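Observations on chain architecture
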Amino acid sequence: MAEEPITTTLVTPEKQTSSDAPESTLPREAEAPKSVTETVTDLPEATTKPEEETAAAQPEEHHPPTVTETETASTEKKELGDEEASSKEVAEEKKSMIPLNLGSFKEESSKLSDLSDSEKKSLDELKRLVRDALDNHQFGSTPKPDDAAANTPEEVTIWGIPLLEDDRSDVVLLKFLRARDFKVKDSLAMLKNTIKWRREFKIDELVEEDLVDDLDKVVFMHGQDREGHPVCYNVYGEFQNKELYNKTFSDEEKRKHFLRTRIQFLERSIRKLDFSSGGVSTIFQVNDMKNSPGLGKKELRSATKQAVELLQDNYPEFVFKQAFINVPWWYLVFYTVIGPFMTPRSKSKLVFAGPSRSAETLFKYISPEQVPVQYGGLSVDPCDCNPDFSLEDAASEITVKPGTKQTVEIIIYEKCELVWEIRVIGWEVSYKAEFVPEEKDAYTVVIQKPRKMRPSDEPVLTHSFKVNELGKVLLTVDNPTSKKKKLVYRFNVKPL
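What you see is a predicted model, and the numbers here were worked out from it, not measured in a lab.

1. Overview of the sheet that holds strand β8 (residues 319-325)
- Read across the sheet, five strands follow the order β5-β6-β7-β8-β9 without closing on themselves; strand pairing throughout is mixed. Edge strands, defined here as strands with exactly one partner in the open sheet, are β5 (219-224) and β9 (350-352). Averaged over all pairs of adjacent strands, the angle between strand axes in this sheet comes to 20°, irrespective of strand direction.
- Here strand β6 (residues 230-235) runs beside strand β7 (residues 283-288); their pairing, made up of five bridges, is parallel. Opposite Cys232, over in β7, you have Gln285 as the bridge partner.
- The sheet contacts of helix α10 (residues 252-270) involve β5, β6 and β7, and relative to β5 the element is tilted by about 20°.

Right under this line is the structure:
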């Protein structure tokens, strides 16, 4: 990765203001003001000075590249075989009638100052009842003889936060209030039951245990969404491995161990959240249903049912959004059964996507550089080595329309090494890369010959090129298919 992170500037040509402008999902903040573009595109006068004057002058200013994205008609021939196969896949997905979103949902603010008067009143009332409960040791802890004699209030900590000690406690209590529609007595009862269960389950001791866990590919945290929520991935297809399935669910003892490992994972994840007023204290859940064993596995069904009940009873309001991707047809049957028992608010947190729309759906909520490679993004497993890029290196997205060619033009203003990553979800396109020097009589350098990319090819291509003269690098993607394609790329610059 480059030693110094470079902020790219998007330069939008004036001709793109017409109705034929390319479709782009780049965030607004990535677009540079025209004044910035004009100052960047002028070459520094210092480049014409003799070496002696340059050495005596101030250090030369670093001039990052600028980027232009243009769209033209495709010049590739359509390949009917691939088109027909892709069309069948899309048709099957449409036939299954997978719902994409079940309603709008805006997360309630965790800022205490944003509460309505009635909500503040409920919070104050709950705090008063919690104070009475602590004073009278109603949460179930056994008081020490000295404490009882001195009338010392009970001390209760949940998720590492002592009750009623500071504003973080208010955020915790708000979760219980919202889970019970701000019914104060019901919220207090839920809190008491949760504290009791945590004591019986020995949660604080469990967090510190060194449990043997082979499920690091089944459940893992990776990156964050566009609003800063940490993202948790649940990969149910891993349980198609019979050895792993039997090792996890074959008897009651193993199912108990599975539950303990999941609770431990959740507790450790929750303790990394920000419970301050206005902080991020919820998690974005991604559930990958590809090759999921389905409803026929009674052991998995039983363990899942038990886990869901525990989460509903003891972990209120910790899920920001539940995204189900690679959804198969049978899941709709399951949802049809449980759907009527869900509240409209719970339904509004759910998002569904079939195989062909999973990456596109994730990108609505999570930036591509934060999405793992296996789900359409650019982020590699933390255990793998990617010296050129990190989660902090932002990626750009472009929608390549059917029958069009998209060119990303990276204009270089100094000697450097340019490193870039590029991918098109599902490929079925042609890709090439070349360097065009600024000098009129200079030859164009072919970095990557036109290559037809198949869905089975490597998901992400990484290239680097040493630039010894001013010019531009052109990355061209030709989409001859009848489907729109999502192009994702990013680059870093290493000055020479």
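2. So, the packing of aromatic side chains
- The final tally for this structure, using the stated rule, is 15 aromatic pairs.
- Ring centres of Phe324 and Phe352 lie 5.2 Å apart, and the angle between their planes is 15°; this geometry places the pair in the stacked category. Placement of Phe324 in strand β8 and of Phe352 in strand β9 is noted, with a sequence separation of 28 residues between them. As far as burial versus exposure is concerned, Phe324 and Phe352 are alike and both buried.
- An angle of 40° between the planes, with centres 5.3 Å apart, marks the rings of Phe435 and Phe465 as tilted. With Phe435 in strand β13 (residues 429-437) and Phe465 in strand β15 (residues 461-467), this residue pair connects regions lying 30 residues apart in the sequence.

3. Examining helix α6 (residues 167-179)
- An ideal rise of 1.5 Å per residue puts 18 Å on 13 residues; α6 measures up with 19 Å between its terminal C-alpha atoms.
- With 10 of 13 residues buried, α6 is to be regarded as a mostly interior element.
- Within the sequence span of α6, burial applies to Ser169, Asp170, Val171, Val172, Leu173, Leu174, Lys175, Phe176, Leu177 and Arg178.
- Buried residues along α6 sit against α4 (117-135), β3 (157-158), β4 (161-162) and α7 (184-201).
- Two or three places before Arg168, at the opening of α6, Asp166 has a side-chain oxygen 3.0 Å from that residue's backbone nitrogen.
- In the stretch just after α6, Asp181 is the one whose phi turns positive, near 50°.

4. Digging into unusual backbone geometry
- Of note in the backbone geometry, Trp159 takes a positive phi value of approximately 55° without being a glycine.
- If you trace the backbone, Trp159 turns up in the loop between β3 and β4.
- Look at Asn291: it is not a glycine, yet its phi comes out positive at around 55°.
- In this fold, Asn291 is placed in the loop between β7 and α11 (298-314).

5. Side note on the packing of α6 against α7
- Look at α6 against α7: their axes get within 8 Å of each other, and the N-to-C directions meet at 120°. Crossing hand, α6 versus α7: right-handed. Contact residues: Leu173, Phe176, Leu177 and Ala179 in α6; Val184, Ser187, Met190, Leu191 and Thr194 in α7.
- The residue inventory of the contact of α6 with α7, partitioned by class, reads seven nonpolar, two polar and no charged.

6. Looking at the pairing of β13
- Counting buried residues along β13, seven of its nine residues qualify, which places the element largely inside the surrounding structure.
- As defined by bridge partners, β13 adjoins strand β16 (residues 471-479) across eight bridges and the pair is classed as antiparallel. Bridged to Phe435 within β16 is Val473.

7. Topic: the pairing of β5
- Where β5 and β6 come together, four bridges link them in antiparallel fashion. Its bridge partner being in β6, Phe220 is matched across the sheet by Tyr233.
- Hairpin connection from β5 to β6: five residues lie between these consecutive antiparallel strands, with Gly228 at a positive phi of about 95°.

8. Regarding the confidence of the model for the protein chain
- Of the residues in the protein chain, 76% have a pLDDT of 70 or more, and the chain-wide mean is 82.
- Note that residues 1-59 has pLDDT below 50 and, in this model, 77 contacts with residues that lie over four places away or in other chains.
- Taken together, the stretch residues 93-97 has pLDDT below 50 and engages in seven contacts with residues farther than four places along the chain or on a different chain.

9. Observations regarding the sheet that holds β15
- The strand order across the open sheet built from four strands is β10-β17-β12-β15, with neighbouring strands paired in antiparallel fashion. Only two strands of the sheet have a single neighbouring strand rather than two, namely β10 (396-400) and β15. In this sheet, adjacent strand axes meet at a mean angle of 25° when their direction is disregarded.
- As defined by bridge partners, strand β12 (residues 416-424) adjoins β15 across seven bridges and the pair is classed as antiparallel. Within β15, the residue paired with Cys416 across the bridge is Val467.

10. As for the nonpolar core
- Counting residues in each nonpolar core, the largest one holds 55 residues, and the members touching the most others are Val130, Phe139, Phe239 and Tyr315.
- Elements with a contribution of two residues or more to this core: α4, α6, α7, α8 (203-208), α9 (242-249), α10 and α11.
- Ranked by residues supplied to this core, first place goes to α7 with seven residues.
- If near-sequence neighbours (up to four positions away) are discounted, Val130 is found in contact with Phe139, Leu163, Leu164, Leu173, Leu188 and Leu191.
- Residues Val429, Phe435, Phe465 and Tyr489 belong to the second largest nonpolar core, which totals 27 residues.

11. Let's talk about the side chain of Gln406
- Its location among the elements puts Gln406 in strand β11 (residues 404-412).
- We classify Gln406 as buried; its relative accessible area is 0%.
- A polar atom in the side chain of Gln406 sits 3.3 Å from the backbone oxygen of Thr70.

The rules behind these values
Residues numbered from 1 in each chain as written. Predicted model: local features only at pLDDT ≥ 70, side-chain atom pairs only at ≥ 80, totals over all residues. Heavy atoms only, no water. Pairing = 2+ DSSP bridges. Helix = DSSP H or I, 4+ residues; strand = E, 2+ residues; numbered from the N terminus. Axes fitted to C-alpha atoms, helices over the stretch in contact; angles between N-to-C directions. Contact = heavy atoms within 4.5 Å. Phe/Tyr/Trp six-rings, centres within 6.5 Å; stacked < 30°, edge-to-face > 60°. Buried < 20%, exposed > 50% of the residue type's maximum accessible area, 1.4 Å probe, protein only. Expected span 1.5 Å × (residues − 1). Polar contact = N/O pair within 3.5 Å; in protein donor to acceptor, adjacent residues only side chain to side chain. Left-handed = near helix turned anticlockwise from the far one by under 90°. Nonpolar A, V, L, I, M, F, W, Y, C, P; charged D, E, K, R; others polar. pLDDT = per-residue confidence, 0-100. Core = buried A, V, L, I, M, F, W, Y, C linked by side-chain atoms within 4.5 Å.

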